[in-house]
There are 2 protein chains.
Amino acid sequence: MRYAVLGTGIVGRTIATRLSSLGHEVVIGTRDPAATLARTEPDAMGTPPFATWHMAHAAVEPRSFTEAAAFGERVVNTTAGAATLDALKAAGSVHLAGKVLIDIANPLDPSRGMPPVLDPVNTDSLAEQIQRAFPDAHVVKTLNTMNCRIMVEPSRVAGAHNVFVSGENKGAKQQVTEMLVSFGWPESSVIDLGGIESARGAEMLLPIWLRLYGALGHTDFNFHIQGAH
Amino acid sequence: MRYAVLGTGIVGRTIATRLSSLGHEVVIGTRDPAATLARTEPDAMGTPPFATWHMAHAAVEPRSFTEAAAFGERVVNTTAGAATLDALKAAGSVHLAGKVLIDIANPLDPSRGMPPVLDPVNTDSLAEQIQRAFPDAHVVKTLNTMNCRIMVEPSRVAGAHNVFVSGENKGAKQQVTEMLVSFGWPESSVIDLGGIESARGAEMLLPIWLRLYGALGHTDFNFHIQGAH
């Protein structure tokens, strides 16, 4: 399968690495590949520059959002929530139409201080905004409720825990579930919350996730819905 | 211990019953006790009228909000979120000052259709509104993230699962933790999220709780933070 992972941050790199290691053809999308490769400083979170990561993962080529989306049979959005709609516009609706668009982003707004709040929230969600803006894409919200290392290696957290999927298209959710199973998620750990509107619930987990991170002092935890099965 | 449980709905009745069965002196607060007792119809959710419940729980007397709060050494808020501040105003700040005020309510706003949205949300929470309005009370948010039968009988859900506490006063959180332990919660299942601001996280679990209820078709589930300990 050909995957376009949009976003060169730690989440995008982690997903791209995992998909590549599973034998998929993966490109990673960014606004300006040359500028992304030219950066030499870690970002504000201490993440090493993209070029450092790319040296160890040469199979994953950086491409413009448009080229990446044109290449991918599936598209994974890992851009910052505030930049997502612009990134997808740059990708181009023609290159998203008919494809499964896996949205892992969270609409975090750090402009009002820490911890960040959500925007949109409550009466809307980023996933719904994406689906409205790109009605011909099959948007599936998933994986946004945990640290990215757990996304691709769920066994980091001992015991049963869950990952959620939200989306309008049952076939798309099934394809995403198969991708999650290939990452190591037991099929029984995938909870289908419902239509894309239900992504509000998954996105609104972030505020307690951030406070649990503060309370526990680490990110190797995940939500488990006890009694779900 | 003398408890005032404010709110005569299913949550208030369940908490009052449990506290009473544990040997506490419990009154249940309502705007107009005579009117509450006079109702003969089930409510919109099918909950039987208060008088029916009261026949089987005669030890728990209905009192006005003011009388109930004056009686209680601890106060438990189980009123509807939209009615909470008015109910506590009726209770009277003088009857809340210096007391542990356990807030179980959720600020659900059903006026925009189902499932209900939250108000306040994201940049504020009901628990913070209460703490600001009654600065001399020791507000502790807890138990709002599950069905009320699980609140008082956690073993309804098999396996480990969690209950959260948020509040400014460590002693008050410790007292609430002891109450939770008396309900059957293992002490290790109680997660202290932090100050009262962290109640935003607990309240924002409601949107996914409502969608999980829809997806699972029952309410006998609860959140477990896998990897927390």
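Just so we're clear, the structure is a prediction, and the values are computed from it rather than from any experiment.

Basis of the calculations
- Residues numbered from 1 in each chain as written.
- Chains lettered and ligands numbered in written order.
- Predicted model: local features only at pLDDT ≥ 70, side-chain atom pairs only at ≥ 80, totals over all residues.
- Heavy atoms only, no water.
- Phe/Tyr/Trp six-rings, centres within 6.5 Å; stacked < 30°, edge-to-face > 60°.
- Lys NZ or Arg CZ within 6 Å of the ring centre and 35° of its normal.
- Axes fitted to C-alpha atoms, helices over the stretch in contact; angles between N-to-C directions.
- Helix = DSSP H or I, 4+ residues; strand = E, 2+ residues; numbered from the N terminus.
- Parallel < 35°, antiparallel > 145°, perpendicular 65-115°, else oblique.
- Contact = heavy atoms within 4.5 Å.
- Nonpolar A, V, L, I, M, F, W, Y, C, P; charged D, E, K, R; others polar.
- Pairing = 2+ DSSP bridges.
- UniProt positions renumbered as here; feature names shortened; annotations may be inferred.
- Least-squares fit on C-alpha atoms with pLDDT ≥ 70 in both.
- Salt bridge = Lys/Arg side-chain N within 4 Å of Asp/Glu carboxyl O.
- Polar contact = N/O pair within 3.5 Å; in protein donor to acceptor, adjacent residues only side chain to side chain.
- Buried < 20%, exposed > 50% of the residue type's maximum accessible area, 1.4 Å probe, protein only.

Asker: What should I look at first to understand the packing of aromatic side chains in this one?
Answerer: Here a ring pair, both rings aromatic, is described through the centre-centre distance and the interplanar angle of the planes. The tally for this structure, following the rule as stated, stands at six aromatic pairs over all chains. The ring of Phe 71 of chain A has Arg 2 of chain A lying over it, and the distance from NZ or CZ to the ring centre is 5.6 Å. The ring of Phe 71 of chain B carries Arg 63 of chain B above its face, with NZ or CZ at 5.5 Å from the centroid.

Asker: Sorry, what's going on with the packing of helix H1 (residues 10-21) of chain A against helix H8 (residues 170-183) of chain A here?
Answerer: Two quantities define a packed helix pair, namely the angle between the axes and the distance from one axis to the other. All names here are of chain A. In contact at an axis separation of 11 Å, H1 and H8 are set at 85 degrees when each is read in the N-to-C sense. Considering their axes alone, H1 and H8 lie roughly perpendicular with respect to each other. Packed against H1, whose contacting residues are Ile 15, Arg 18 and Leu 19, the element H8 presents Met 179, Ser 182 and Phe 183 at the interface. Class assignment for the residues of the contact of H1 with H8 results in four nonpolar, one polar and one charged.

Asker: I keep staring at the sheet that holds strand S8 (residues 138-142) of chain B and nothing clicks. Help me out?
Answerer: In a beta sheet, neighbouring strands are held together by backbone hydrogen bonds and run either parallel or antiparallel to one another. Overall, mixed pairing links the eight strands, which are arranged S3-S2-S1-S4-S5-S8-S9-S10 (chain B) in an open sheet. Taken across any chain shown, the strands that pair with only one partner, and hence form the sheet edges, are strand S3 (61-64) and strand S10 (190-194) of chain B. Each strand of the sheet is rotated relative to its neighbour by a mean of 30 degrees, with strand direction disregarded. Across three bridges, the pairing between S8 of chain B and strand S9 (residues 163-167) of chain B is antiparallel. Residue pairing for S9 of chain B: Thr 142 of chain B is matched across the bridge by Val 165 of chain B. Across the sheet, helix H10 (residues 206-216) of chain A lies against S9 and S10 of chain B, angled at about 100 degrees from S10 of chain B, the strand it touches most.

Asker: Teacher, can you tell me more about the environment of Pro 107 of chain B here?
Answerer: All names here are of chain B. Position of Pro 107 relative to the elements: it lies in the loop between strand S5 (100-103) and strand S6 (108-109). For Pro 107 and Gly 81, which are 26 residues apart along the polypeptide, the C-alpha to C-alpha distance reads 4.0 Å. The residues touching Pro 107, leaving out its near neighbours within four places in the chain, are Gly 81, Val 117, Leu 118, Asp 119, Pro 120, Leu 126 and Glu 203.

Asker: Help me out: how do you make sense of the UniProt feature "domain: Pyrroline-5-carboxylate reductase catalytic N-terminal" (unreviewed entry) in chain A in this one?
Answerer: UniProt's entry tags residues 3-107 of chain A with the feature "domain: Pyrroline-5-carboxylate reductase catalytic N-terminal" (unreviewed entry), counted in the numbering of this structure. The distance separating the terminal C-alpha atoms of residues 3-107 of chain A is 23 Å; by composition the span is 41% helix and 21% strand.

Asker: Honestly, the sheet that holds strand S10 (residues 190-194) of chain A in this entry has me stumped. Any pointers?
Answerer: Taken together, eight strands build an open sheet; the order of strands is S3-S2-S1-S4-S5-S8-S9-S10 (chain A) and the sheet is mixed. The open sheet has two free edges, formed respectively by strand S3 (61-64) and S10 of chain A, since each of these has just one partner strand. On average, each strand axis in the sheet is inclined to that of its neighbour by 30 degrees, with strand direction left out of account. Each of strand S4 (74-77), strand S5 (100-103) and strand S8 (138-142) of chain A touches helix H6 (residues 126-133) of chain A; the most contacted strand, S8 of chain A, lies at about 170 degrees to it. Its contacts with the sheet put helix H11 (residues 206-216) of chain B on strand S9 (163-167) and S10 of chain A, and the angle it makes with S10 of chain A is roughly 100 degrees.

Asker: Hey, could you run me through the relation of the copies chain A and chain B in this one?
Answerer: One chain copy maps onto the other through a rotation about an axis and a shift parallel to that axis. If you rotate chain A by 180 degrees and push it 0.0 Å along the axis, it lands on chain B with an RMSD of 0.0 Å. Those values place the two copies in the arrangement expected of a two-fold rotation axis. Identified as the residue of chain A closest to the rotation axis by C-alpha distance is His 224 of chain A, at 2.4 Å.

Asker: Would you take a moment to explain the interface of chain A and chain B for this structure?
Answerer: The parts lose accessible area when they come together, and the size of an interface is often stated as this lost area. Taken together, the contacts link 39 residues of chain A with 39 residues of chain B. There are two salt bridges connecting chain A and chain B. Taken together, the connections running from chain A to chain B amount to 11 residue pairs in polar contact (both at pLDDT 80 or more). Secondary structure elements with two or more residues in the side of chain A that touches chain B: strand S7 (117-118), S10, helix H9 (199-203), H10 and strand S11 (222-226) of chain A.

Asker: Just to check I follow, could you spell out H6 of chain A for this structure?
Answerer: Note on helix geometry: an α-helix contains 3.6 residues per turn, so any two residues three or four positions apart are oriented the same way. The complete set of buried residues in H6 of chain A reads Leu 126, Ala 127, Glu 128, Ile 130 and Gln 131 of chain A. Buried residues along H6 of chain A sit in contact with S4, helix H5 (81-91), S5, S8 and H9 of chain A.

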